[in-house]
Number of protein chains: 4
Amino acid sequence: MEYVKKTVLEITDHMREVVEKLSEKDMEKMIDMLIRCQRVFVHGVGRSGLVGRAFATRLSHLKFDVFVVGDTITPAVKEGDLFISISGSGETGSVVNAAKGAKKAGAKVFSLTSNTSSTIAGVSDAILRVKGRTKNDHKKKFYTSEQVMGKHAPLSPLGTLFEDTCQILLDGVIVELMRKLRKTEDDLARRHSNIE
Amino acid sequence: MEYVKKTVLEITDHMREVVEKLSEKDMEKMIDMLIRCQRVFVHGVGRSGLVGRAFATRLSHLKFDVFVVGDTITPAVKEGDLFISISGSGETGSVVNAAKGAKKAGAKVFSLTSNTSSTIAGVSDAILRVKGRTKNDHKKKFYTSEQVMGKHAPLSPLGTLFEDTCQILLDGVIVELMRKLRKTEDDLARRHSNIE
Amino acid sequence: MEYVKKTVLEITDHMREVVEKLSEKDMEKMIDMLIRCQRVFVHGVGRSGLVGRAFATRLSHLKFDVFVVGDTITPAVKEGDLFISISGSGETGSVVNAAKGAKKAGAKVFSLTSNTSSTIAGVSDAILRVKGRTKNDHKKKFYTSEQVMGKHAPLSPLGTLFEDTCQILLDGVIVELMRKLRKTEDDLARRHSNIE
Amino acid sequence: MEYVKKTVLEITDHMREVVEKLSEKDMEKMIDMLIRCQRVFVHGVGRSGLVGRAFATRLSHLKFDVFVVGDTITPAVKEGDLFISISGSGETGSVVNAAKGAKKAGAKVFSLTSNTSSTIAGVSDAILRVKGRTKNDHKKKFYTSEQVMGKHAPLSPLGTLFEDTCQILLDGVIVELMRKLRKTEDDLARRHSNIE
């Protein structure tokens, strides 16, 4: 299980590096937008979508009115809503289109992406840059260089670093919100699904 | 496409027969429970679960506070909630367990089933009997008889008759609710997802 | 429950009318493409997506190698695959984009739509026209005319007629496939999920 | 964003501690069962289910024949299959029932749980113990003690530690499998969904 250990070390190192360099201003902005909005919509595809769902689950435990694009119940987006997009490359077609639609409907758009010059970043009112090899880096030339290979592949193939780092950062956002909204773990447990 | 036509005729015949013999009292009870409850939870597995989702989608268009068991966001069930279970056989393990859990949590349970003497019927505060060959009939002895074979198989294998008939009946319930709540199609369209 | 009955009558009338006028050639084409392809992908959003899932469930019971766009497991589309799109209006953004992507990847595209001059129809190798008021008709001028109101609204709001009719037609396609592939209901039952 | 940082530190510390103490034997067993099985089924509810889906996504990129309980397509489980259950408490009703069903159908059961004396552990052919506060610890007496509060709450409410640690461990398992099966990142990318 040599590679299990190596992978856990590499990913946790990356997580700590990202959180160390995280923009305080962007993070505060995200927290502020979450607290001020009326409803939250979360969107991502593939594993980024799963990260969004994990975050949405906890937001609902915190009594946020939250919806996941792709779930059965997704009402129309409107003014006052916060639309959160998750895309490492920032170029995933359906994520970009949905964000544009949300913006047109009057919502604020916040995105988590590795790519600050991406289309999703351009559409967003605010972004949180989460460094990671994204699935598009895979196609880039520098991907074959020893330096990059040695550092990020194949211990964290495709979007792994971005996805896992987003997951843990968003769990941090939940704790930050708990403090700001004076919610206890008991409050969360009361909202946790009781249908197993 | 001989069998496509035959199937559509058989299924629509069955739908009409079911609605003709539908218990007016049970149907009124369902409408009443829907109007009085605070939130609706819908549950079914497999194709019955899809029928439940189609119903939940329209309920949300009607501004009901509705959740689908299995979706990302499913808060704790509590008193005042209506829990709707869909199971042809009425014996699907996880559906029965979830209904028991909902009842214990203080919710009212309503179920759609073909089997009025099933476990789910026993757990429920009220039921709507929707006749159909269910997937368990398949295992019963009389299934091999020509009479049954001729009438229901294989033009509507497994739970098809139950599922399709529930779907259309629940679309009828939506129209009944629109009338009772004085909602127009425009009201529904306003809540329809605008994120494609 | 006056409107439940009226709705069931209207929808079953519509189903019968559609199947009566169905293009035999288009239906044979669909069956043929299904039998010849290596894998099937099904795509739709909202209630059309649920109809696609109900169809995919039965295809898997028939041992087709089938995937639903939006499920966890969706491998890359490639040559030899059949991509089935379901969209009443034929203009749903993400459905159109996915179909274009599938075509570019070398798959054949088949679509069910009400609108033969829609973008999805243009992208498709073959289509099956399934008449219905689609959610876009709602916005058209003639929608307010008494004639249309009287016939289709509000007994079947938004895409209801299209969705329910697709569902039952696709159940007919399953029976047609069972005959062609000499599958019995027992064959289907053996593949039916045994995890409840 | 003080608590975002604190949370990331606590969770990454926990991840490293768990991987450091991980049973080499149990991990090798898991890898071995994955390589030998014919098909993999993954099951969990809530956030544990999302972790399972993230793992299943990568398994499919590695060309495993993998299914997620709760997805549209879930064929019958049979001999030769590996059924992977994820439950921190090891007592989640539907997870336990599904695992029992899988075992009865002839599959091998592997589970990830914090609780080695749980029902799911009893049902399983092999387990991987992943330490974490699980959602049931929340109800235990010692939960209110300062020691526990200081260490695990509220920086990682409910099942957070278990879920996030499973996620990263399973990403390590993917890399281990890549090495054993001599798969490159290019192999994974070829199977990555090309429908966005």
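Here goes a summary of the coordinates provided. Since the structure is predicted, the reported quantities are computational estimates derived from the model, not experimental observations.

Rules used in this analysis
Residues numbered from 1 in each chain as written. Chains lettered and ligands numbered in written order. Predicted model: local features only at pLDDT ≥ 70, side-chain atom pairs only at ≥ 80, totals over all residues. Heavy atoms only, no water. Pairing = 2+ DSSP bridges. Helix = DSSP H or I, 4+ residues; strand = E, 2+ residues; numbered from the N terminus. Axes fitted to C-alpha atoms, helices over the stretch in contact; angles between N-to-C directions. Contact = heavy atoms within 4.5 Å. Buried area = accessible area lost by both parts, 1.4 Å probe. Salt bridge = Lys/Arg side-chain N within 4 Å of Asp/Glu carboxyl O. Least-squares fit on C-alpha atoms with pLDDT ≥ 70 in both.

Residues and elements named next belong to chain C. If you walk across this open sheet you meet the 5 strands as S2-S1-S3-S4-S5, and the pairing is parallel. If you trace the sheet from one side to the other, it starts and ends with strand S2 (66-68) and strand S5 (126-129), each paired once. Each strand axis lies, on average, 20 degrees off the axis of its neighbour in the sheet, ignoring direction. Of the pairings in the sheet, the one linking strand S3 (residues 81-86) to strand S4 (residues 108-113) comprises 5 bridges and is parallel in character. When the bridges of S4 are listed, Leu82 appears paired with Lys108.

Turning next to the interface of chain C and chain B. Each side of the interface is counted separately: chain C has 62 residues, and chain B has 62 residues. Between chain C and chain B, roughly 5,600 Å² of surface is buried when both sides are summed, and carbon and sulfur atoms account for 62% of that area. The largest per-residue losses of area from chain C upon contact with chain B belong to Met1(C), Glu185(C) and Glu196(C), which jointly make up 15% of the total buried on that side. In this structure, the connection of chain C to chain B is made through 6 salt bridges.

In this section: the environment of Val45(A). Residue and element names in this part refer to chain A. Within the element layout of this structure, Val45 appears in the loop between strand S1 (39-43) and helix H3 (46-61). Each C-alpha atom, one on Val45 and one on Leu59, is 19 Å from the other, the two residues being 14 residues apart in sequence. If we skip the residues at most four places from it in the chain, Val45 touches Thr92, Ser94 and Val95.

Time to look at the pattern of salt bridges. Pairing of side chains with opposite charge becomes possible as their charged atoms draw close. Inspection of every chain in the model, using the stated rule, returns 54 salt bridges over all chains. In this structure, the salt-bridge partner of Arg53(A) is Asp71(A), at a minimum N-O distance of 2.6 Å. In this pair, Arg53(A) is assigned in helix H3 and Asp71(A) in the loop between strand S2 (66-68) and strand S3 (81-86), connecting sequence segments 18 residues apart. Close ionic contact of Asp125(C) with Lys103(C) constitutes a salt bridge, the shortest N to O distance being 2.8 Å.

Right, let's get into unusual backbone geometry. Residues and elements named next belong to chain B. Notably, Leu158 is not glycine yet its phi reads approximately 50 degrees, a positive angle. Relative to the helices and strands, Leu158 is located in the loop between helix H6 (146-152) and helix H7 (160-180). For Arg182, which is not glycine, the phi torsion reads 50 degrees and is therefore positive. With respect to the element layout, Arg182 can be found in the loop between H7 and helix H8 (185-191).

Of the transformation placing chain C onto chain B, the axial shift is 0.0 Å and the rotation is 180 degrees, giving an RMSD of 0.0 Å. One copy is carried onto the other by what is essentially a two-fold rotation axis. Here 100% of the interface residues in chain C have copies in chain B that are interface residues too; the copies meet face to matching face.

It is worth spelling out the sheet that holds strand S5 (residues 126-129) of chain B at this point. Residue and element names in this part refer to chain B. Sheet architecture is open: 5 strands sit in the order S2-S1-S3-S4-S5, paired in parallel fashion. Each edge of the open sheet carries a strand with a single partner, namely strand S2 (66-68) and S5. Adjacent strand axes in the sheet meet at a mean angle of 20 degrees, parallel and antiparallel pairs treated alike. Pairing geometry for strand S1 (residues 39-43) and strand S3 (residues 81-86), over 5 bridges, is parallel. Counterpart to Val40 in the pairing with S3 is Leu82. Where helix H3 (residues 47-61) meets the sheet, its contacts fall on S1, S2 and S3, and the angle it forms with S2 comes to roughly 160 degrees. Against the sheet, H7 makes contact with S3 and strand S4 (108-113), and its axis sits at roughly 125 degrees relative to S4, the strand it touches most.

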